[in-house]
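# Descriptive structure summary
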Amino acid sequence: MGAFISPKVDKVGIEDRVNRITKRSIKKEAKLEGLKMALNMVDLTTLEGMDTVNKVTQMCYKAQHLHDEFPGLPTVAAVCVYPNFVKIAVNALKDSPIKVASVATAFPSGHSSLDVKIADTKMAVDAGAHEVDMVISRGKFHMGDFGFVYDEIAAIKQACGTSVRLKVILETGELGNLDNVRLASDIAIAAGADFIKTSTGKIKPAATLPVTLVMLEAIKDHYYKTGIMVGMKPAGGISNSKLALQYLVMVKETLGVKWLDNHWFRFGASSLANDLLMQILKQSTGAYQSANYFSKD
Amino acid sequence: MNKEIKPLKFSGKWDFDPAPESVDHISLKDQYGLFINGKFENPQTSNYFPSINPANEEHLSMIAEAGEKDINAAVSAARKAFDGPWSKMSAKERGKYIFRIARLIQEKSRELAVIETLDGGKPIRESRDVDVPIAAAHFFYYAGWTDKLNYAFPNRDPKPVGVAGQVIPWNFPLMMAAWKIAPALATGNTVVLKPAETTSLTALKLAEIIQEADLPKGVVNIITGAGATGAGIVNHQDIDKIAFTGSTGVGKIIMKAIAGSNKKSTMELGGKAANIIFEDAPLDQAVEGVINGIYFNQGHVCCAGSRLFVQESVYDVVLRKLKDRIQSLILGNPLDKNTDIGAINSKEQLGTINKYLKIGQQEGADMFQLECPIPKKGFWCPPTLFTNVSQSHVIAKEEIFGPVLAIQTFRTIDEVITKANNTPFGLSAGVWTDKGSKIFNLTSQMRAGVVWANTYNKFDPTSPFGGYKESGHGREGGLHGLTPYLNF
C-alpha cells in the first residue's frame, strides 16, 4: 500500500549509534536517579497460562510495596495482566497511583477476527483497565496488507475510547528486519497508538537496543511533523539495571528529557524491578545485599 | 516537518555526573630529550619548550628543540642503522620487531590514550577507541607484510629507499606516527620522525616502546621541535624520502624545497570533503554520520566532512535533526568518558577557527552552535553549523580544521557531483543513499581519494588513504602504502 513510505534504516549505522550509547558512563547521583527513574517506569507483568487470582493479587501487593525497608522508593508504573484479571488488579490497586494495563486482541498471536479482538479489548476496558496492550497482525504485515494492520489498530483505538491509552505491540522479533520495524512503527503511530511496544515477551529476540532506537526515531519524526508525543515500551529481555540505564540514555539522547517520565516510557519486565532495587540499595548503602532480602512475587 | 514545533530538549534532567578516566597510572617525565641512536639525548641547542594540556592550559612536560646538529646526528644514526644491521637482517626477523612494537602499544594502550588526551585535548573515548587501537593495528598489519614483499610485487625486486624523513601533524599524534613508521620499517627503511610541537608526548612514549622492543639503535629516531626542525629534516641532503602529513600550504613549500632532488615524497594534505545526503538515505544514520564526519576530534581531521550537501526535499528535516543532535552532544573535560567534544588543540588553532566563524557571519551565513557552558580555561569551540551557504562562501572553500560545518542544498545528482568536485581539494567524500546504483555512479565520478558510502571516517590499515589534487599524492595504508617506501 503506497500510503506508507517509511524512511529507510541502515543497520550498521544503528549498531554504531547503539555502541556509542552503551559506552556512556553513569555514575554517582546520576546513577541513583536513573535507577529510581527506571523503577518508576516498570510495568510489572504476569502473562502466563497458569496465572491465577492469587498470583495477580500477590503481584499487585508487591507493586505497592517494592521494598518497605527502604523508604522513599517510587512505585512501579503499572501492572500488566490478561483481561480476565483486570478487575482483580484494579481492585487491589485502587488506592495507589499504579495503573492497570491489560493485553488484548488475541494476545500473543493476534490470530482472530476483528470482532473478537474488539470484544477482548472492551472486556479489559469495561473491567477498568487504564491501558490496553494490543498486538498487530504480523501475518498480514508480511503479506504487505498494511491497510489491514492500520485499520485494525484504528478500530482497537476506537474501542479503547478516549481515556484508555493504547500500546501497540509490533512483535519486532517476528518482523525480520529494521526497515520493517520502522514501517510497522509508522503504521501504528499513524493509526493512533499512544505507545509503541516492541514485544509480547513470548518470542525471542524480544526488546533490543537497536530495535528500540529505530522505534524512538519513528516517534521523533512523528513529533517533528505533528508535535504529538508518542510513548515507547521495550518489553522482554531487559532484566538488569545496567541495560535499563542504557535504554534511558538512548531515550534521553534521541527524544530528549521530556520522555524521561513513565507517562512516555515504560519497561515491560518482571525481574528487572528486583535488580533495580538491589542496585538502588547498593548505591545508597555501598554494599550489595542478598537476593533473599528482596521479595519475589 | 512543522517549523512551529519546539526543538527537543536534552538537558535539565538526569544530567550525567563526571566520569573522568584516572591519570594516576601514567608516567610522564618532567623533561624529554631527543631520541637519537636508541637513546634519549639532550639537544645540542639546549633549548626546551613546554607542552601543555589544551583543556586547562596546565603544564605537562618540557620538550627538547632539535637544531641542525641534532638533525645531523639523527640522520647519520639512521643512515648507519640502514647500512648496518637493519638492511642485513632477514625480513622475518625485521617483522618480529614490528610485531613487538604493536604488542607493546596494546599493552600500554590505557596509558597512551590518557596521554594523548592530556596532550592534544581529544576526548578519551576517541583516543581509547580509535587512535590507540588503529596505531597498534597499523604495526600489526605492516609487520605481516615484511617477509612477503616479493609476493606483493612479483618480479619487481623491491628494495628499501633508505632513510625516511617523516613530519607529522598534531591531530592524531600516535596514529600518524604509526602510519608513517610501520610501513617504513616493514619495507626495510630507517626513520627520522618529527611530531608536531604541540603534541610530542605520545611520539616520545612510542620512542620508549621502541627502546623496550630492543629495536637496533638508530632504526627509528624521534626528534622534536617546531617548523624549523621540520624544515631541517626536509632539506637534509642524506634523506631519501619525505613523508609529510599536514597543511596544503606547508606541503607546497616542501615540494618546492625538494624539487630537483632525488627525494621521493608522499604528501597527505588538507581537505574540504563533501558529505552528500540524498532524499532516499537512511536519514537518522546519515545525520549521525555527518556529526561524526565533522565533529570527530573537534573537526581536526584532514578528511572531515566539512561541506554538507542535502537534497532539497529533505533539507528541513535533516537540518532539524542535525540541530537537535548537536544539542545532545556533551562538551567538556576530554578525560571524561562521556565527553563528545574535547578541547581545540592549541590557542593558535582556536584563533584560526574563530576567524572563520567571523568570516562566515560577515558573509551572511546563519550560524548555529551547541548551547552549553564553556570551560573558563583552555581552548574551546562548540560544534557549529552554517546554513545559507553557497560555493562562493569562504567557509565553503577553505579548510577550517575545526568543528564547523557548511551546509548547502542540491536538486540533482549531476549538480551535486559538480559542486562536490568544485574544490582544489580531493581527499575524501561521503554519500548517503539507500540505492546501490547511485552509490556506484557517484563514487566513480568523485575526485576524492576515499569515498565512504553510508558511513564516514572509517579507518583500517588494509585500506589505502590519500588525496587527489591539492590534498596530496601517494597513499598510506594497505598494499599501496608500501610502494612509497620501495625502489624497484
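Conventions we followed
- The residue numbers shown here count from 1 along each chain, following its written sequence.
- To read the labels, note that chains go from A and ligands from 1, taken in the order they are written.
- In keeping with the model being predicted, local features are shown solely for residues with a pLDDT of at least 70 and side-chain atom pairs are shown and tallied solely at 80 or more, while totals for entire chains, interfaces and linings include all residues.
- As a convention, hydrogens and water are excluded, and side-chain values are obtained from all of the structure's heavy atoms.
- Relative accessibility thresholds used throughout: buried, under 20% of the residue-type maximum; exposed, over 50%; partly exposed, between the two (1.4 Å probe, protein chains only).
- Numbering of helices and strands starts at the N terminus; helices are DSSP runs of H or I of at least 4 residues and strands are runs of E of at least 2.
- This arc describes the spread of directions from the helix axis toward the C-beta atoms.
- Two residues form a contact once any of their heavy atoms are found within 4.5 Å.
- For two strands to be treated as a pair, DSSP must find no fewer than two bridges joining them.
- To get an axis, a line is fitted to the C-alpha atoms, and for a helix only the part in contact is used. The angle between two axes follows their N-to-C directions and goes from 0 to 180 degrees.
- Between the rings of Phe, Tyr and Trp (Trp by its six-membered ring), a pair exists once the centres lie within 6.5 Å; its type follows the angle of the planes, with under 30 degrees stacked, over 60 edge-to-face, and the other angles tilted.
- Either the NZ atom of lysine or the CZ atom of arginine qualifies as a charge over a ring when it sits within 6 Å of the ring centre and within 35 degrees of the ring normal.
- Any carboxyl oxygen of Asp or Glu within 4 Å of a side-chain nitrogen of Lys or Arg constitutes a salt bridge here.
- Three residue categories are used. Nonpolar comprises Ala, Val, Leu, Ile, Met, Phe, Trp, Tyr, Cys and Pro, charged comprises Asp, Glu, Lys and Arg, and polar comprises the others, including Gly.
- Where each domain begins and ends is defined by an automated method or by a domain database.
- The term buried area refers to how much accessible surface (probe radius 1.4 Å) is lost by two components on association, counted for both of them together.
- Any pair of N or O atoms that falls within 3.5 Å is considered a polar contact. Within protein, one atom must be able to donate a hydrogen and the other to accept it, and sequence-neighbouring residues count only if both atoms are side-chain atoms.
- Here the term cavity refers to a set of points on a 1 Å grid, laid over the protein atoms alone, in which a 1.4 Å probe fits but cannot get out; the term pocket refers to an open set having protein on both sides within 12 Å along at least five of seven lines, with lining residues being those that place an atom within 4 Å of a point.
- Grid points are joined across faces, edges and corners, and a volume is the space filled by probe spheres set on the points.
- Should an angle fall under 35 degrees it is called roughly parallel, over 145 degrees roughly antiparallel, and 65 to 115 degrees roughly perpendicular, with every other angle called oblique.

### Some thoughts on helix α8 (residues 227-235) of chain B
Residue and element names in this part refer to chain B. Of the residues making up α8, those classed as buried are T229, G230, I233 and V234. The arc enclosing the buried residues of α8, seen along the axis, measures out at 140 degrees, which places them on a common side. Taken together, the buried residues of α8 touch α1 (68-88), β7 (163-167), β8 (190-194), β10 (241-245) and α9 (248-258).

### Things to note about the sheet that holds strand β5 (residues 58-64) of chain B
Residue and element names in this part refer to chain B. The strand order across the open sheet built from three strands is β1-β5-β4, with neighbouring strands paired in mixed fashion. With one partner strand each, in any of the chains shown, β1 (31-32) and β4 (48-53) form the two edges of the open sheet. Its contacts with the sheet place helix α3 (residues 109-120) against β4 and β5, and it is angled at close to 100 degrees to β4.

### Observations concerning unusual backbone geometry
With an omega of 0 degrees, the peptide bond between A:F107 and A:P108 qualifies as cis. Among the secondary structure elements, A:P108 is positioned in the loop between β3 (99-103) and α5 (114-126). Along the chain, A:K204 connects to A:P205 via a cis peptide bond; the corresponding omega equals -5 degrees. Mapped onto the fold, A:P205 is located in the loop between β6 (195-197) and α9 (209-226). For B:D214, which is not glycine, the phi torsion reads 65 degrees and is therefore positive. Tracing the backbone through its elements, the reader meets B:D214 in the loop between α7 (201-212) and β9 (220-222). If you check the backbone angles, B:N297 has positive phi at about 55 degrees while not being a glycine. If you trace the backbone, B:N297 turns up in the loop between α10 (283-295) and β13 (307-311). On the basis of relative accessibility, which here comes to 3%, the residue B:N297 falls in the buried class.

### What about the packing of aromatic side chains?
Scanning the entire structure with this criterion turns up 21 aromatic pairs over all chains. Residues A:F265 and A:F267 carry aromatic rings whose centres are separated by 5.2 Å and whose planes lie at 90 degrees to one another, so their mutual orientation is edge-to-face. For A:F267, a relative accessible area of 0% puts it in the buried group. Each member of the aromatic cluster is reached from another via a ring pair, and the members are B:W179, B:W452, B:Y456, B:F459 and B:F465. Lying over the aromatic face of B:F40, B:K29 brings its terminal NZ or CZ to 4.4 Å of the ring centre. Note that B:K355 overlies the ring of B:Y356, its terminal NZ or CZ placed 4.7 Å from the centroid.

### Notes on the interface of chain A and chain B
Opposite the 40 residues of chain A that make contact, chain B presents 40 residues. In this structure, the salt-bridge partner of B:K321 is A:D221, at a minimum N-O distance of 2.5 Å. Mapped onto the side of chain A that touches chain B, the elements with two or more residues apiece are α1 (11-21), α2 (28-39), α9 and α10 (241-255) of chain A. Grouping the constituent residues of the side of chain A that touches chain B by class yields 14 nonpolar, seven polar and 19 charged.

### Observations concerning the pattern of salt bridges
Within the structure shown, the criterion is met by 44 salt bridges over all chains. Salt-bridge contacts for B:E415 lead to B:K419; the nearest nitrogen and oxygen are separated by 3.2 Å. Taken together, the residues B:E415 and B:K419, both in helix α14 (residues 413-421) and four residues apart, mark about one turn of the helix. If you follow the salt bridges from partner to partner, you end up with A:R17, A:R20, A:R24, A:E253, B:E288, B:R325 and B:D340 in one network.

### Quick word on the pairing of β13(B)
Residues and elements named next belong to chain B. Most of β13 sits inside the fold, with five of its five residues counted as buried. Side chains R307, F309 and Q311 project from β13 onto one buried face, and the interleaved L308 and V310 project onto a second face that is buried too. Relative to β13, strand β12 (residues 274-277) is paired through four bridges, and the arrangement is parallel. Within β13, the residue paired with N275 across the bridge is L308. Inspection of the sheet shows β13 paired to strand β16 (residues 404-410) by five bridges, in the parallel sense. The residue of β16 that forms the bridge with F309 is Q408.

### Focus: the domain arrangement of chain B
Residues and elements named next belong to chain B. Partitioning chain B into structural domains gives domain 1 (31-269 + 468-487) and domain 2 (271-453). The distance between the C-alpha centroids of domain 1 and domain 2 comes to 30 Å. Facing the 30 residues of domain 1 at the interface are 34 residues of domain 2. Counting the surface lost from both domain 1 and domain 2, the interface buries some 2,700 Å², and carbon and sulfur atoms represent 57% of this. Area buried by domain 1 at its contact with domain 2 is led by W170, Y468 and K469, which between them contribute 23% of it. At the boundary of domain 1 with domain 2, the tally comes to zero salt bridges. Our enumeration of links across domain 1 and domain 2 arrives at 15 residue pairs in polar contact (both at pLDDT 80 or more). Looking at the side of domain 1 that touches domain 2, the elements with two or more residues in it are α3 and α4 (124-145). Here the side of domain 1 that touches domain 2 gets five residues from one element, more than from any other, and that element is α4.

### Section: the layout of surface pockets
Residue and element names in this part refer to chain B. For the largest pocket, the calculated volume is near 970 Å³. The set of elements that each furnish at least two residues to the lining of the largest pocket consists of α8, β10, α9 and α12 (347-362). Looking at which element gives the most residues to the lining of the largest pocket, the answer is α9, with six residues. Looking at side-chain class alone, the lining of the largest pocket contains 18 nonpolar, 15 polar and four charged residues.

### Concerning the sheet that holds β3(A)
Pairing between the strands of a sheet comes from backbone hydrogen bonds, and it takes one of two forms, parallel or antiparallel. All names here are of chain A. In spatial order, the strands read β7-β6-β5-β4-β3-β2-β1-β8; together these eight strands make up an open sheet with parallel pairing. Two strands bound the open sheet, and with one partner strand each, they are β7 (231-233) and β8 (267-269). For this sheet the average axis-to-axis angle between neighbouring strands, irrespective of direction, equals 25 degrees. As defined by bridge partners, strand β2 (residues 78-81) adjoins β3 across four bridges and the pair is classed as parallel. The partner of V79 across the bridge, within β3, is V100.

### Looking at the packing of α4(B) against helix α6 (residues 173-186) of chain B
Residues and elements named next belong to chain B. Axis separation between α4 and α6 bottoms out at 9 Å; the angle between their running directions is 5 degrees. Regarding the angle of α4 to α6, the classification is roughly parallel. Contacts between α4 and α6 involve D131, V132, I134, A135, H138, F139 and Y142 from the first element and L174, M175, A178, W179, I181, A182, P183 and A186 from the second. Residue composition of the contact of α4 with α6, by class: 13 nonpolar, one polar and one charged.

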